[in-house]
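Architecture at a glance
The chain contents come next:
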Amino acid sequence: MGSAESRPNPPPLSRTRSEQVQVPQALLEADLTSIPRSSTISRSSGLSSRRGSDKNKRRDVVKVSSSLVEGVRRKGVKYQTSKEIVQTVLEKLIEEYPEWNEELGEVCRALNQESDLLSNSVDSLKLEQLFEHLIALTEDEQQRGWSCADDTAEITSMLTDLTCLLKNANPNVVVAVLQRLKYEPLLTLVQYYQLESRPALKKQVLEVLYESMLIKPDPTCSILLTSRLPVQLATDIQGTKVLNQLEMQCNVFCAVLSYPNVMPRSHYDQLDDRFITHLLTELEATDTPHDPEGQLPNNFLKCVLSLNLHYKDLNHNKVCSVLKSRTTLQPHGDAASSSTEQII
């Protein structure tokens, strides 16, 4: 064993003054009170942060794709066509510039994703404005009862815009607006149809209702079935002699009654034997001046069949009762042969 004097000295427990780390003055003066007590970041917080970032990124991409489609839509192009135009342009850019594939590919895929329909679409605002205008017209009792100004051009323009919007806008936007308004504009249209006496405007109202049913059959047809519309249409069908108006009346009547919901009990009383007899008589008519090409019989037949859907009990089926009564010779000599042939 060597002497104590020959052993090496142990390393110092602390740095010498010359070896001490120089701490930046800015750090010494920093306010450390805002630093969390825990100096570690958990793995879960990092993951949730990344998830939130990814979600925000997806939301931004959807917003970009929606804005591109809306930009084209504002030029008067149909929504579906606008979507196809944007998709074609994006795909062409990806083809020409492969290095953009990741970014533009996400935008292209996001075209089928929709968010915040009411705030991002110019169609939603315009649709609500048109519905508000319609409500104002319906509530103007003085103008409806004793018109003091010719508002035909104004109403025609409004209904034309409404029909075009329903045909060309994003169907999901239309549904979102109707849902937010609890489908009340549909009943307003029915009310206006009942109040209006000008045939051309009544036909335009039916066009709007028809387009609404095409976009969202349920619950649109159900709402219209329980309204006064079927009864009013039955009255108008019996009194109209203009071909294009009759066709639209029959189309809307059939669309509403073809929906498998139960009619109000009062409708069964008002869509009576007289109405069914009128339909069958017109169906079997051979000389109709307002229908030289014979287009109406099929429309009347559809009305008969759609009404027949609402009779479950054969013993209380008014359509069958009227048909049965016509099997005997009528004063005109027909025996419901034409209607029977068309039904078969």
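Residues numbered from 1 in each chain as written. Predicted model: local features only at pLDDT ≥ 70, side-chain atom pairs only at ≥ 80, totals over all residues. Heavy atoms only, no water.

The next thing to look at is the overall build of the chain. For the chain, the helix and strand inventory stands at 19 helices and zero strands. The long-range share in the chain, meaning contacts at least 24 apart out of those at least 6 apart in sequence, stands at 72%. When the accessible surface of the chain is split by element, carbon and sulfur atoms take 53% of a total near 21,500 Å². (Helix = DSSP H or I, 4+ residues; strand = E, 2+ residues; numbered from the N terminus. Contact = heavy atoms within 4.5 Å. Areas by Shrake-Rupley, 256 points an atom, 1.4 Å probe, with all protein chains shown as cover.)

What follows covers helix α17 (residues 296–308). Every α-helix carries 3.6 residues per turn, so stepping three or four residues along brings you back to the same face. The terminal C-alpha atoms of α17 lie 19 Å apart, and with 13 residues this matches the ideal 18 Å at 1.5 Å per residue to within 8%. Where α17 is concerned, the buried positions are L296, P297, N299, F300, L301, C303, V304, S306 and L307. (Expected span 1.5 Å × (residues − 1). Buried < 20%, exposed > 50% of the residue type's maximum accessible area, 1.4 Å probe, protein only.)

One side chain can pair with another of opposite charge once the charged atoms of both are near each other. This model, assessed by the stated rule, comprises nine salt bridges. In this structure, E207 and K203 form a salt bridge, with 2.7 Å as the shortest nitrogen-oxygen distance. With E207 and K203 both in helix α11 (residues 199–215), this residue pair falls four residues apart, about one helical turn. For K203, a relative accessible area of 21% gives the class partly exposed. Across the salt bridge formed by K241 and E282, the nearest N and O atoms sit 4.0 Å from each other. Highlighted residues: K241 in the loop between α13 (229–239) and α14 (243–257) and E282 in helix α16 (residues 273–284), separated in sequence by 41 residues. According to the relative accessible area criterion, E282 is buried, its value standing at 16%. Here the residues in one salt-bridge network are K92, E95 and E96, joined through shared partners. (Salt bridge = Lys/Arg side-chain N within 4 Å of Asp/Glu carboxyl O.)

A separate point is the confidence of the model for the chain. Per-chain confidence: the chain averages 80 in pLDDT, with 73% of residues scoring 70 or above. Counting contacts from residues 1–8, a segment whose pLDDT is below 50, to residues more than four positions away or on other chains yields one contact. In the predicted structure, residues 10–24 sits below a pLDDT of 50 and forms three contacts with residues beyond four places in sequence or in another chain. (pLDDT = per-residue confidence, 0-100.)

Another point: the packing of helix α10 (residues 184–195) against α11. Two elements in contact, α10 and α11, have axes separated by 10 Å at closest approach and are oriented at 160°. Taken together, α10 and α11 sit at an angle that is classed as roughly antiparallel. Crossing handedness for the pair α10 and α11: left-handed. For the pair formed by α10 and α11, the contact residues are L186, L189, V190, Y192 and Y193 on the first element and L201, K202, V205, L206, V208, L209 and S212 on the second. (Axes fitted to C-alpha atoms, helices over the stretch in contact; angles between N-to-C directions. Parallel < 35°, antiparallel > 145°, perpendicular 65-115°, else oblique. Left-handed = near helix turned anticlockwise from the far one by under 90°.)

Counting buried positions along α13 gives eight out of eleven residues, so the element sits mostly inside the fold. Within the span of α13, buried status applies to L229, P230, V231, Q232, L233, A234, D236 and I237.

Formed by 63 residues in total, the largest nonpolar core has its most connected members in L209, L229, I237 and L307. Top contributing element to this core by residue count: α14, with eight residues. Sequence-distant contacts of I237, that is, excluding residues within four places in its chain, are made with L246, Q249, C250, F253, F275, H278, L279, F300 and C303. (Core = buried A, V, L, I, M, F, W, Y, C linked by side-chain atoms within 4.5 Å.)

This part takes up the packing of aromatic side chains. Counted under the stated rule, the structure contains three aromatic pairs. Taking the centre distance of 4.5 Å and the plane angle of 25° together, the rings of Y97 and W100 count as stacked. You can call Y97 partly exposed: its relative accessible area is 37%. A relative accessible area of 37% means that W100 is categorised as partly exposed. A cation sits over an aromatic face here: K202 above Y193, 3.8 Å from the ring centre. (Phe/Tyr/Trp six-rings, centres within 6.5 Å; stacked < 30°, edge-to-face > 60°. Lys NZ or Arg CZ within 6 Å of the ring centre and 35° of its normal.)

The next thing to look at is the packing of α16 against helix α18 (residues 318–325). Between two packed helices, both the angle of their axes relative to each other and the distance between the axes serve to describe the pair. With their axes 10 Å apart at the nearest point, α16 and α18 run at an angle of 55° to one another. Judged on the interaxial angle alone, α18 and α16 are oblique. Along this stretch, α16 crosses α18, giving a crossing that reads as right-handed. Residue-level inspection shows D273, I276, T277 and L280 of α16 in contact with α18, the latter providing K318, V319, V322 and L323. Of the residues in the contact of α16 with α18, the class split is five nonpolar, one polar and two charged. (Nonpolar A, V, L, I, M, F, W, Y, C, P; charged D, E, K, R; others polar.)

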